[in-house]
Amino acid sequence: MQKSLHLDPNKCTGCLQCEMACAWENHRSFTVAKSRIKVFTFHHEGRFVPYTCTQCDEAWCMMACPVDAIRLDPVTGAKIVLEPTCVGCKVCTIACPFGTINYVAQTGKVQKCDLCGGQPACAKACPTGAITYVDADWTGLGKMRQWAGKTDTNPATV
Amino acid sequence: MAWTKNVLRVNLEAGTCTTEPLNMAWAQDYLGQRGLATKYFVSEVDPQVDPLSPKNKLIFVTGPLTGTMAATGGRYSVITKGPLTGAIACSNSGGYFGAELKFAGWDMVIFEGASPKPVYLLIIDDQAELVWETEAALQKHHQDPQLRVAAIGRAGEQGVLYAAIVNDLHRAAGRSGVGAVMGSKNLKAVAVRGTRTDAYHLADPEAFFKASEAGKQVLAAHGVTGQGLPTYGTQVLMNVINELGALPTRNHRDVQFEGAMAIGGEAMHEKRPTDGKANLVTNGACFGCTIACGRISRMDPGHFSVKDKPQYHGASGGVEYEAAWALGAANGVSDLEALTYANFLCNEDGFDPISFGATVGAAMELYDLGLLTKEQVGFELPFGATEAMVKLAELTARGEGFGKEIGLGSRRLCAKYGRPDLSMTVKGQEFPAYDGRGLQGMGLAYATSNRGACHLRGYMVSPEVLGIPVKMEPQATEGKPAMLKAFQDLTAVVDSAGICLFTTFAWGLSDIQPQIQAACEGDWSEERLLLVGERIWNLERQFNLAAGLTGKDDNLPPRLMKEPAKTGPQKGAVSKLDLMLPEYYQVRGWTPQGVPTPETKARLGV
């Protein structure tokens with residue numbers, strides 16, 4: 001079964017535990033500037049939105065890479081950056097429609113979410129269930145159920 | 001080790017930024033944040049200094065757990081000598097700013113002198129510079145979403161004595177006027193970006209993850225931190241404290257507020273009849289916080305206070321309990337939307353809603369007694385006047401009209417109009433939202449707090465109301481001095497570690513100690529940590545005594561000592577401070593005059 005990260009902004013409180021977990025996983029540091037998942041605050045809307053790579057099936061970053069440094073992990077479906085191969089040309093950052101692959105000046109390479117090899121640290125760290133790792137075929141199931149609950153076919157209450 | 005070991009010293013007079021190593025010997029004795037910065041402050045500043053003079057210093061400081069995955073590990077503190085009290089001022093804030101400062105590689109920033117013109121400090125990792133063209137430069141850097149800013153607003157610039165330092169738009173080092181000191185230095189803001197992955201190192205990462213994860217589970221499982229605070233915020237207390245008869249109302253004339261229900265946590269969830277929406281949009285967390293008590297509110301756009309002000313129609317930081325009490329019950333106002341607007345102004349213009357609201361309450365009593373007139377104020381000011389409270393919030397921020405007098409705080413206001421006894425303050429700082437008659441332990445906590453009346457120095461509400469860690473009857477005095485000492489010492493540890501005091505609804509020292517132990521090098525036993533806490537408390541006390549305060553300042557206003565509570569379960573009660581204070585001095589190892597004995601000083605090494 002392939003799994004996906006499922007992001008639910010309604011449950012996010014903006015605590016950044018996910019960013020710290022990601023930074024730790026990849027940089028052995030809690031410095032959130034290095035995180036591959038980002039929580040954005042839309043202050044005047046009162047919303048916190050976690051966002052990262054959604055692992056496109058037809059991954060434009062992978063197709064744009066001139067040196068074949070982005071490969072598919074057949075187990076998780078993640079698109080993974082091979083650091084020794086990456087030349088830091090940043091073409092992938094232009095190709096990605098979502099901005100979720102980023103250049104790191106410190107290393108001269110790009111970085112993106114790799115699903116931590118199938119055990120995403122962000123999902124484990126999230127205290128509210130805003131980030132979960134679920135069956136890729138059913139990322140919308142919770143929302144579907146929620147809306148199903150709102151349908152009302154009882155004429156007495158219409 | 002969890003310290004960056006770097007101190008940034010900023011001389012505002014000379015315009016220089018210099019780096020120096022953290023005094024690790026002091027870190028061993030004072031841990032970090034509140035304790036460690038107090039040690040620096042006391043060692044460098046003359047206790048007699050005028051708080052608003054360039055000779056006063058201002059320290060921003062993080063703790064060893066700041067910027068770690070320890071739940072709530074995002075705190076920083078600001079330490080200075082407070083203009084409201086003349087005592088040590090230490091104000092603690094969350095948001096994201098503190099962690100960013102740590103990631104930039106700094107434990108502490110010490111500001112000295114005063115700048116000849118408005119300036120802000122920009123820190124990008126190990127590069128720190130003072131920027132002179134404040135506005136233009138800040139606007140340019142606002143394009144950087146990673147830049148975290150702690151700033152004063154108009155209140156700090158205008159010299160409001162309880163001006164706050166606000167970071168991340170609506171988190172604040174709110175009390176004791178630390179923003180007024182910052183304003184007196186012509187320091188507008190500190191902007192920081194931290195991207196270093198080598199800023200600090202955990203002593204034992206494996207043990208740290210185990211301990212911090214265990215801590216998070218304790219928070220999630222506890223009724224207060226797992227449910228009450230996320231759902232209602234600290235506002236969960238409004239109706240509880242009111243029903244208990246300990247909600248100070250109309251400048252402490254009453255102990256119950258008939259409008260409490262309308263301004264409490266439950267009311268924030270209710271849909272408004274006007275626009276069908278609730279005041280509360282969502283809850284929000286500070287950095288690393290798995291509790292998420294923060295209130296994000298959106299006002300009714302048709303409310304009189306914001307009808308023609310679309311800039312206040314979006315969501316922003318809503319009222320927490322102390323703010324709702326001070327802006328509401330303390331002056332008899334029960335309009336939640338008006339309180340929210342005043343709270344928005346407190347965030348935007350940078351002033352403490354507790355001291356502001358309580359000062360308005362005092363002004364309303366002076367008005368009620370005929371000691372203040374409509375001509376003097378500019379408008380009528382009876383208790384419960386919603387529009388007057390709102391108007392005063394606007395005037396105070398701008399330093400205009402009668403707002404200039406409100407900005408001086410209740411002690412100076414009441415003295416000026418001939419009734420110093422009506423100022424509901426200790427050491428010049430206004431009470432927060434618990435009546436010292438209704439909760440005897442809180443009365444003692446207020447009287448002995450090192451930064452003036454404060455609920456965050458020894459939260460006796462925990463045992464007296466919530467039964468944490470044990471239930472103590474509100475009117476009992478037995479055992480309370482010792483319990484308060486334990487709370488004060490533990491609080492000093494928490495405030496020095498980089499985590500939030502609210503964890504202690506669920507966490508005991510046995511939950512906190514393993515996290516500090518795993519983060520910091522060396523042996524940090526519970527006994528040692530409590531000794532650190534006691535040492536901090538005594539160091540603050542020594543500073544205050546040297547600054548000219550005495551045991552006589554460990555008091556409560558005559559109203560709390562003589563006027564019995566009028567209604568509710570605590571009816572007839574006055575504060576029994578006289579019964580508790582001598583015993584408190586005794587358990588502290590102080591003389592009957594409230595001075596640490598030579599033995600106590602030697603034992604603690606202060």
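Here, the structure is the one placed above.
In this text, all values refer to a predicted model and were calculated from it rather than measured experimentally.

How each quantity is defined
- Residues numbered from 1 in each chain as written.
- Chains lettered and ligands numbered in written order.
- Predicted model: local features only at pLDDT ≥ 70, side-chain atom pairs only at ≥ 80, totals over all residues.
- Heavy atoms only, no water.
- Helix = DSSP H or I, 4+ residues; strand = E, 2+ residues; numbered from the N terminus.
- Contact = heavy atoms within 4.5 Å.
- Areas by Shrake-Rupley, 256 points an atom, 1.4 Å probe, with all protein chains shown as cover.
- Lys, Arg positive; Asp, Glu negative; His and termini not counted.
- Charge placed at Lys NZ, Arg CZ, Asp CG, Glu CD.
- Buried area = accessible area lost by both parts, 1.4 Å probe.
- Salt bridge = Lys/Arg side-chain N within 4 Å of Asp/Glu carboxyl O.
- Polar contact = N/O pair within 3.5 Å; in protein donor to acceptor, adjacent residues only side chain to side chain.
- Nonpolar A, V, L, I, M, F, W, Y, C, P; charged D, E, K, R; others polar.

What follows deals with the overall build of chain A. Counting its regular elements, chain A contains five helices and eight strands. Helices and strands in chain A line up, N terminus first, as β-α-β-β-α-β-β-α-β-β-α-β-α. For chain A, the spread of C-alpha atoms along the three principal axes comes to 65 × 30 × 30 Å. Relative to all contacts within chain A whose residues are 6 or more apart in sequence, the contacts with residues 24 or more apart total 52%. Accessible area for chain A stands at about 8700 Å²; split by element, carbon and sulfur atoms hold 55% of it. The positive charge centre, built from 16 side chains, and the negative charge centre, built from 13, are 6 Å apart in chain A.

Contacts between the two partners involve 25 residues from chain A, matched on the other side by 39 residues from chain B. Together chain A and chain B conceal approximately 2300 Å² of surface at their shared face, both sides included; 63% is due to carbon and sulfur atoms. Looking at the side of chain A facing chain B, the largest losses of area belong to Gln17, Phe30 and His43 of chain A, adding up to 25% of the total buried there. For the pair chain A and chain B, the interface holds zero salt bridges. Linking chain A to chain B there are nine residue pairs in polar contact (both at pLDDT 80 or more). Listed by contribution, the elements that provide at least two residues to the side of chain A that touches chain B are helix H1 (17–27) and strand E2 (38–42) of chain A. If you tally residues by element for the side of chain A that touches chain B, the top one is H1 of chain A, at five residues. The class makeup of the residues in the side of chain A that touches chain B is 11 nonpolar, 11 polar and three charged.

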